[in-house]
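# Survey of secondary and tertiary structure
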Amino acid sequence: MLLAAIVAFCGLTPLLSPHDPYLPDPALALLPPSPRHWLGTDQLGRDLLTRTAAAGTISLLTAFAITAITTTIGTLAGTAAGLAGGLPERLLRQAATVALALPGLTLALALAGVLPPGPGTMVAALVPFGWVNCGLIAHTATRRVAASDFVLATRALGASPSYLLRRTIAPHIAGPVLTVATADFARTLIAATSLSFLGIGLPPPVTDWGGLVNDAVPLLIAAPRLAIAPAIALALTGVAVTLIVDARRLR
Amino acid sequence: MDLVLNVVLRRAVETLLVLLVLSVLVFLLTSLAPGDPAEEILRRGGIQPTAGSVAALRAELGLDLPLPVRYVQWLSDVVRGDLGLSYVDRSPVTAEIVSRLPATLRLAGAAALVAAGLALLASLRPRGLGGRVVTAVTVVVASVPPYIVGVLMISVVAVGLRALPTGGDTAAGAVVLPALTLGLAGAATLTRLLRADLAQALALPFVRLAAAKGLSPRRAVTVHALRVAAPNAIMAGGAALADLVAGAVVVETLFSWPGVGQLAISAIRQRDLPVVQAYVLVIGAATVLLLALADLCVAVADPRVRRP
Amino acid sequence: MRRRAAVVVPAMLLGMVLSGCGDTAEGGQDADRLTLAAPRDLVAGPQDPYFTHQTLRVWEPLVSVDDKLRPVPALATAWESGDGGRRWTFTLREGVRFSDGTALNAEAVVASVRRFLRIAPRQSAFFSLDAGMEAAYGQLDEVRADGGRVTFVLRRPVADLPGRLAGFYSMVQSPKAFAASGDFAANPVGTGPYTLARWVKGQQAELAANPHYYGTPPAYKKIVVKVIPDANARVAALRAGEVDGLIDKGALLSGQVAAVAADSRFRVVRSPSALTHYLTFNGSREPFSDPRLREAAELAIDRRTIAGKLLAGTAKPGAAFLSPVFGDLSDPGIAAAYDPAKARALVSAAGRPASPVTILISSAETGQFPYTDVAEVLRAAFEQAGLPAKVTVAEATKAVMEAGDYDVFLSAYSVPNGDADYLFRRFLRSDAPWNVERRLGYRNKEFDTLVDQASTETDPARRRELYRQLQRLLAADRPMIPIAYQDNPVVTITGVGGVVQNAAYVVDLGKLTPSG
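So, how was this worked out
- Residues numbered from 1 in each chain as written.
- Chains lettered and ligands numbered in written order.
- Predicted model: local features only at pLDDT ≥ 70, side-chain atom pairs only at ≥ 80, totals over all residues.
- Heavy atoms only, no water.
- UniProt positions renumbered as here; feature names shortened; annotations may be inferred.
- Helix = DSSP H or I, 4+ residues; strand = E, 2+ residues; numbered from the N terminus.
- Buried < 20%, exposed > 50% of the residue type's maximum accessible area, 1.4 Å probe, protein only.
- Contact = heavy atoms within 4.5 Å.
- Areas by Shrake-Rupley, 256 points an atom, 1.4 Å probe, with all protein chains shown as cover.
- Pairing = 2+ DSSP bridges.
- Axes fitted to C-alpha atoms, helices over the stretch in contact; angles between N-to-C directions.

With an unreviewed UniProt entry as reference, chain B is termed ABC transporter permease, source organism Nonomuraea turkmeniaca. Within the UniProt record for chain B, the comment given under Sequence similarities (unreviewed entry) is "Belongs to the binding-protein-dependent transport system permease family." Taken from UniProt, the Subcellular location (unreviewed entry) comment for chain B reads in full: "Cell membrane".

If you tally the helices and strands in chain B, you get twelve helices and zero strands. Secondary structure elements of chain B occur, N-terminal to C-terminal, as α-α-α-α-α-α-α-α-α-α-α-α. Buried positions account for 52% of the 308 residues belonging to chain B. Here the analysis covers contacts within chain B between residues at least 6 apart in sequence; of these, 71% occur between residues at least 24 apart. Accessible area for chain B stands at about 13100 Å²; split by element, carbon and sulfur atoms hold 70% of it.

Here the focus is the sheet that holds strand 6 (residues 87-92) of chain C. All names here are of chain C. Strand order in the open sheet formed by four strands is 5-6-8-7, with antiparallel pairing between adjacent strands. The strands lining the two open edges of the sheet, one partner per strand, are strand 5 (76-82) and strand 7 (140-146). Each strand axis lies, on average, 15 degrees off the axis of its neighbour in the sheet, ignoring direction. Pairing geometry for strand 6 and strand 8 (residues 149-154), over five bridges, is antiparallel. Looking at the pairing, T91 lines up with R149 of strand 8.

Here we take up the sheet that holds strand 13 (residues 245-246) of chain C. Strands sit in the order 10-11-12-1-13-21-14 (chain C) across an open sheet of seven strands; the sheet is mixed. Strand pairing shows two members of the sheet lacking a second neighbour, strand 10 (194-200) and strand 14 (266-269) of chain C, which therefore form its edges.

Quick look at the UniProt feature "transmembrane region" (unreviewed entry) in chain B now. Residue and element names in this part refer to chain B. The positions UniProt marks with the feature "transmembrane region" (unreviewed entry) are residues 12-33, 103-121, 133-159, 171-190, 233-257 and 277-301. End C-alpha to end C-alpha, residues 103-121 measures 27 Å, and it is 100% helix and 0% strand. The annotated region residues 133-159 carries 93% helix and 0% strand content, and the separation between its end C-alpha atoms amounts to 25 Å.

Structure representation (structure tokens):
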């Protein structure tokens, strides 16, 4: 519900708002909240509400796209390695160890510094280290399930590998994978906005919540709302995502 | 016992291989980065580089050798503890990293304490008041990036209440805010995983049987379930610690904590590649060893994972 | 046990919190002890040519600059030129001792200069011994001590040697401070009111009053200068009472100034700096190879808004190439025009570029100045004038520019001393490294000749006229345009007085006093 509300807010506000989130008008800079600008304006006279929403769209899309990629890679690799065992399995674990071992955010920063800024760079910076959790969980879960009695029994009954995968293994790993994927979504959201916060994110004028907070830092005392609005949006999104998963798991 | 030894040996060999792969990646990262290091150094030295001086320095640095040869040379230097010289001030990188490492370890250690303590609290008594509060707080904090939590902590606790220092590591208690910022975020992930596994473990027949036979819930959790749930949690814990160290980059910058993370950020900003390289390598190697250790613990804790 | 777990963890946390409450007497409590913070480490170490920044007042130069970049006496009390600018003689202050107790003499000054010459080119955290050093000593034939005076004999006349030497390039330290290699043997040994008592790299420097100082002993016996790179953390430390003031270049971000100044606990001191925000055009490719479009771009920019709103009044709108801190060298006759209608007309006359122009900014500078905002406003201004534009933030702007992959570059420059020639010679002369390597494509023979004439002209009036002529040329040709002249606001608690900052961000720590 909450997440849907956030998505709707981010998606619809820029369409409905009379303001352009990217057009500066310094004459209107730092206006307090008013009926015309519900959250006031930022240091360049842009409507804060519209900007928060527009930045949210970017944040959510980036995080979703990257998580989708990492989850797919992780699940496929993890399941395959878990089923195959032997060499592929060891390769996966070692690849995971290397990926985990590299300080992800720093490396992402370094990469983002070397490559030209843009969505492609963000993907390149975050995907190589993002798939690991999913891969490991999928792998561990697959291993467990594959070693459990009922799978052995099903296999002994002559079930085909694809049947095994679909009917016995997939349902058992779906839960953990979903948990991790959701955690990954939150993590990616944080990592991507961290890059923007450190000033190495998407090229302006497009920005995400991290970029908004970064822009607001010098004005933290004078106009804290500039930082609070995107921060609350980020927090709500994160909490909503987490709650959804917890609720799903309890059911 | 033999089995365990076998596992240890195999893991040791694998760990060495991983370290090797890591070193190759780190080496490639900086040697393939755009820009010629020789030219970079000369310019920083204030000389308008000429083709001749660049070529001379390239020869001196061994940059004109083939990549594999350079890698072997670099690796042998690294093994002997020589991480090269900073482009910016020509000081030895090893000394700089070594002098800053304790601060990062102190911060990561304190944060790990916070994270592990809270996660255990929340997992062992998920329905208790403490557990609920901890869960709620950690979920919220983990959903908010550390930079926002950090800024909030500085504004409220340090500036507003004047209860704790805003940063640095000289004043007493300075570690508290950065450690909380870092630890709270780690706690949520750890709690979620630990609790999910615990719930699964508690539902296992043998645990339920034990409970039915009159075992107190506490013993059911601590003796049986925790043991079963431990492997995933240990792995997750390893990963979470790695996250802590990576996350320390942002927190160290926010709180002016003089660790390697702060060093790395300023090195990236100044394109001081040897320092970036050293940071990635050192943190990477440390994490590899940590994960190997966690892996071993899993092997020891869960007989099902242990294999000949 | 269950309960214990529930108690132990919060107790542990509480313990950690409480343990932090012990030491709150960090700043300001002790009457003769002061704690300041700076964005960068003002100590660079024994490999650096200077070891410490001038602002720490551990060492002193022969000549310093005032708030108009005019040379003013430091260790030299007077100077005179002879032989048409080929010989400069500096008279040393009397009764000066180094912090090790030995007397300052002309031989020590000569030794310091010779050391510079020996180790140059050498990089520095502050001012590298390269281009600026060349400007100061490039024509030097001989430096010698005679009596209490130091004489520089030059190969060619230099009109403003004191200005070129001002600050770092005329640092004097005891010959005993240096090892044979030219590095420092141990701590710096200077003549200033303070000595470097302790230094933790990247964290803090502790200064102690120099017992041998020749002037009035400083009011604070001990000054700690912390390094706090993060702007928010810096202001937080100030507001939390952990530090008594923020100094150095970029101590306060422009957006923070108003809020801090409004707080009655603090006193903000603004003084003009030598830093100017320039817009550099890539004149070696379309569209800005066309002078009409450069003019259109300039007319489209509302510099008053950028300086007043975006830089929050910490800067003044740019006009002449040399900022007003250059005193009468700056040409007051040049005005910044803002005429969006004329800009549009010029664009339609010259033809609208097909692809968007690239506004390049450096990610290193976005942390110091609101460059993302300025770039956004520039983008909007260009687009309204009919020039489609996009903003690129790059980590390695040098590589991008050398590849010619930009159209305008927004960046801030300063001069290492009171040397106007530096800007023209290093940036815009036809063979200037900036001009050539960054592909400005600016070639103007008349300009080159004037630069050379001005640097050797010893008559102040004629020299001023030459510099003004140069600025008029640049105003017409527009290879680079000044967007704004930046002030450098610094702040202390109201209990600290005597804050004076020169145009090179040097706050004289020796003059700080407790005030009511």
